[in-house]
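Reading the structure
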Protein chains: 2
Amino acid sequence: MITSTTDPQPADFADVRATNLAVVLRSVREHAPCSRADIAASTGLNKATVSSLVADLIDRRLVRETGLTENRVGRPATMLVLDGSPYAAIGVEVNVDYVTAVAVDLSGERLLSWRRSFPGATTTAAEAVATVAAIVRRVANRMAKEERQVLGLAVGVPGLVGADGTVRIAPNLGWRDADLCGDLTKALRDPGFPVQVDNDANLAALAEHRFGPRAGTANLVYLTGEIGVGAGIVLDGRLRRGGQGYGGEIGHIQLDPLGAECRCGRLGCLEAVAGIGAVLEHAALSPAEVQIELDEVVRLARAADSRTLSTLATVGHHLGKGVAMIANLLNPEVVILGGYYVPLAPWLLPALEAELRGRTIAPDAGGCQVVASTLGYGAAALGGAARVLDSVDPGRLPRIS
Amino acid sequence: MITSTTDPQPADFADVRATNLAVVLRSVREHAPCSRADIAASTGLNKATVSSLVADLIDRRLVRETGLTENRVGRPATMLVLDGSPYAAIGVEVNVDYVTAVAVDLSGERLLSWRRSFPGATTTAAEAVATVAAIVRRVANRMAKEERQVLGLAVGVPGLVGADGTVRIAPNLGWRDADLCGDLTKALRDPGFPVQVDNDANLAALAEHRFGPRAGTANLVYLTGEIGVGAGIVLDGRLRRGGQGYGGEIGHIQLDPLGAECRCGRLGCLEAVAGIGAVLEHAALSPAEVQIELDEVVRLARAADSRTLSTLATVGHHLGKGVAMIANLLNPEVVILGGYYVPLAPWLLPALEAELRGRTIAPDAGGCQVVASTLGYGAAALGGAARVLDSVDPGRLPRIS
DNA sequence: CTAATTTGTTTGGCCGCCAGACTAACTAAC
DNA sequence: GTTAGTTAGTCTGGCGGCCAAACAAATTAG
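Residues numbered from 1 in each chain as written. Chains lettered and ligands numbered in written order. Predicted model: local features only at pLDDT ≥ 70, side-chain atom pairs only at ≥ 80, totals over all residues. Heavy atoms only, no water.

**Re the UniProt feature "domain: HTH marR-type" (unreviewed entry) in chain A**
- Per the UniProt record, "domain: HTH marR-type" (unreviewed entry) is annotated on residues 24-65 of chain A.
- Annotation note: span residues 24-65 of chain A, helix share 69%, strand share 7%, distance between end C-alpha atoms 14 Å. (UniProt positions renumbered as here; feature names shortened; annotations may be inferred. Helix = DSSP H or I, 4+ residues; strand = E, 2+ residues; numbered from the N terminus.)

**Some remarks on helix H2 (residues 36-43) of chain A**
Residues and elements named next belong to chain A.
- The set of residues buried in H2 consists of Ile39, Ala40 and Thr43. Buried residues of H2, seen end-on, are gathered within an arc of 100° and therefore sit on one face of the element.
- The secondary structure elements touched by the buried residues of H2 are helix H1 (13-31), helix H3 (47-59) and strand S2 (80-82). (Buried < 20%, exposed > 50% of the residue type's maximum accessible area, 1.4 Å probe, protein only. Arc of directions from axis to C-beta. Contact = heavy atoms within 4.5 Å.)

**Brief notes about the relation of the copies chain B and chain A**
- With an RMSD of 0.1 Å, chain B superimposes on chain A once it is rotated by 180° and translated 0.0 Å along the axis. Such a turn and shift between the copies fits a two-fold axis.
- In this assembly, 98% of the residues forming the interface of chain B have copies in chain A that are likewise at the interface, indicating an isologous arrangement. (Least-squares fit on C-alpha atoms with pLDDT ≥ 70 in both.)

**What about the nonpolar core?**
- Counting residues in each nonpolar core, the largest one holds 164 residues, and the members touching the most others are A:Val92, A:Leu153, A:Trp175, B:Val92, B:Leu153 and B:Trp175.
- When residues no more than four places from it in sequence are discounted, the contact partners of B:Trp175 are B:Val94, B:Thr123, B:Thr124, B:Ala125, B:Ala128, B:Val157, B:Val167, B:Arg168, B:Ile169, B:Ala170 and B:Leu180. (Core = buried A, V, L, I, M, F, W, Y, C linked by side-chain atoms within 4.5 Å.)

**Description of the protein's contact with DNA strand D**
- In the vicinity of DNA strand D lie 28 residues, with A:Arg17, B:Ser51, B:Gly74, B:Arg75 and B:Thr78 positioned nearest.
- A share of 63% is what sugar and phosphate atoms reach among the atoms of DNA strand D within 4 Å of the protein.
- Between DNA strand D and A:Asn20 there is a distance of 2.9 Å, counted from a phosphate oxygen to a side-chain nitrogen or oxygen.
- Between DNA strand D and the protein, one listed contact pairs a base nitrogen with a side-chain N or O atom of A:Asn46 at 3.1 Å.
- If you list the elements that add at least two residues to the surface near DNA strand D, you get H1 and H3 of chain A together with helix H2 (36-43) and helix H3 (47-59) of chain B. (Near = heavy atom within 4 Å. Polar contact = N/O pair within 3.5 Å; in protein donor to acceptor, adjacent residues only side chain to side chain.)

Following this line, the structure appears as structure tokens:
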């Protein structure tokens, strides 16, 4: 049955068509290369209907016929794949110490992936807008050169982002009430594509949900391991933001009333006792510096330096407390550690898992697995692109025929 | 656009029809009494379509014409209301100290509401099945006498309930791996209606979502204040259970590493430091006894007994920590305190709110309001009925014409 | 070369929504 | 009391999209 997520809206034929277009497009994405007959079989749609829908998608240049078929009995099938070439989606992540930009095509192929150092903590929102706009212009130009139409841009920011794309508070960037979405649109001067802004953890969760090794997992939580710690929550297959869009703010939940002081002024926040700052000796600012310190920590851990191992175990235990909260409250299938947690995962996970299993009421932690992200540092930016792709409504794209 | 929650399923005309039937039914429920023209205006459906859909619903005895109209210019309208009479939904809550059963009609009118003491802590699952079956049989007989068809039964239990209706663990009842749903179905011997089992907090959240003063709020969390504490989480308009259905287990999240020992063996669980047991002098077993103690606490609080006020403030502060976690992670519009918290709310809320506001990163706690439930002790049972009503697919009910 | 097999298109039918015309029933005002 | 105005609900025809089934196409097996 058709179920609308919010207020039930009446349906008509256009909806049926749009739904089925999306179904077929998704089927191609997941099973490519595949034939029309395969699609009909796997979706349950009639062969004739699939033919019509595929023709529509080909008209819109979302799908392409690729050569013929294998050697087997019967008429050879014309295989279909996503047509990556005519479109691109751009994702950008602004963080405390770096900016990342990626562009992907419809099939999720990464067209480019840039990362540059960025003094976020000392940059105003207005300056950041200029920087991001410059990067986006360069990406857009590159896409134009490849004759790709840019479908949209989504920017991830570590902070509270309202539904309208306004950054309410970004503690680690020092921004308040910055209309990033509006200003960026203005700075790009009629960019010809929609601009969205979202929380970085939300976008990273989307990236895992679409591109990660556990893609498609209906319930997953992504934990950013940047200077700040945030959670992106996917439940029942969709990102959940809460009423005002401020969900996932796990970083300032108190884990230890006697813990270290957090930059937010409270004591023992998860971010303070289990953030990357609790691992590194002193808070470095440039990603290069953080990277150097991080490499050093990894080296020491490999060398079984006892002080390092104990620090990492402590952080792992604290992180386990946070993950246990998530597991108890939300019971996700997977919790994914991202950012700087990734290289440290081998030493964090044992303590984390012990804590998790000891603190969850459900047996075996409710089946909750904890893994390190494999998407690299650009997860949030990639997630921005994923969000753009998610918002592609196949029925709305221009027809060429 | 039509959006399916899980894997996208193809749509056809039957789906359009089913969707629109549900839209019209819901419109009648929310705006009753109303005319066909009202429905067309509020849903955007064509007048002709609405007429056809309404005729269908009348055939299925879900909707009834009720007299004519007021005095105003133009042709008088024939008003429509939900036809409560032919159907009933049954909800039951099994808890540590009582069992509640309610039956409601389609419009949510309570047909009956029973509550009886029940020694849950010393009762095996098998005995409970017999007790519940007996109650349900009596309710079903009563409904049969009123010539109502029972649409279904949902039973709420304080514990982990799997997707198949198996009670994995109910700590406060002492049950493990009880196939409550299956056994109950067997005990009822071909009841002629579907039987579901769910967590009590989940059902109570559904009750608030459908029948409470904040009905329709897209993001709300219900906190049970029974012997145990659990959360029911509604996000984006639907109950979210997580991967295995074990979400909402907030009761055993550690709030205070130095806190009192919980019956689960850990220290400082929310349930131990902010459950009803932390308010009452000693854990009483029968609801009558709990009620007497509770009344005494309320009396003392009214009389401004300093020890009582300080106890309630402490519990309120702890509860505030828990609610702050929820607000930070999920950003709901409302958190509803239920069960035994309700009569204590006037003294709990000030401390709770102070803690909440101090611990949430979003300004003004992300717009999160905390209120006491007004649905009474039968919230979970009522929610069971709500769950049955939610699963009513208007297209599936028999046509009479 | 024929049979078997599989793909994808064509045809006709059906169903449900919509727009607009039309009928129905009432109020208001002259 | 008659006429105009207003609102409710039904009827008709058209359209769009899905489906079943027949058919055409392209290949392998024997």
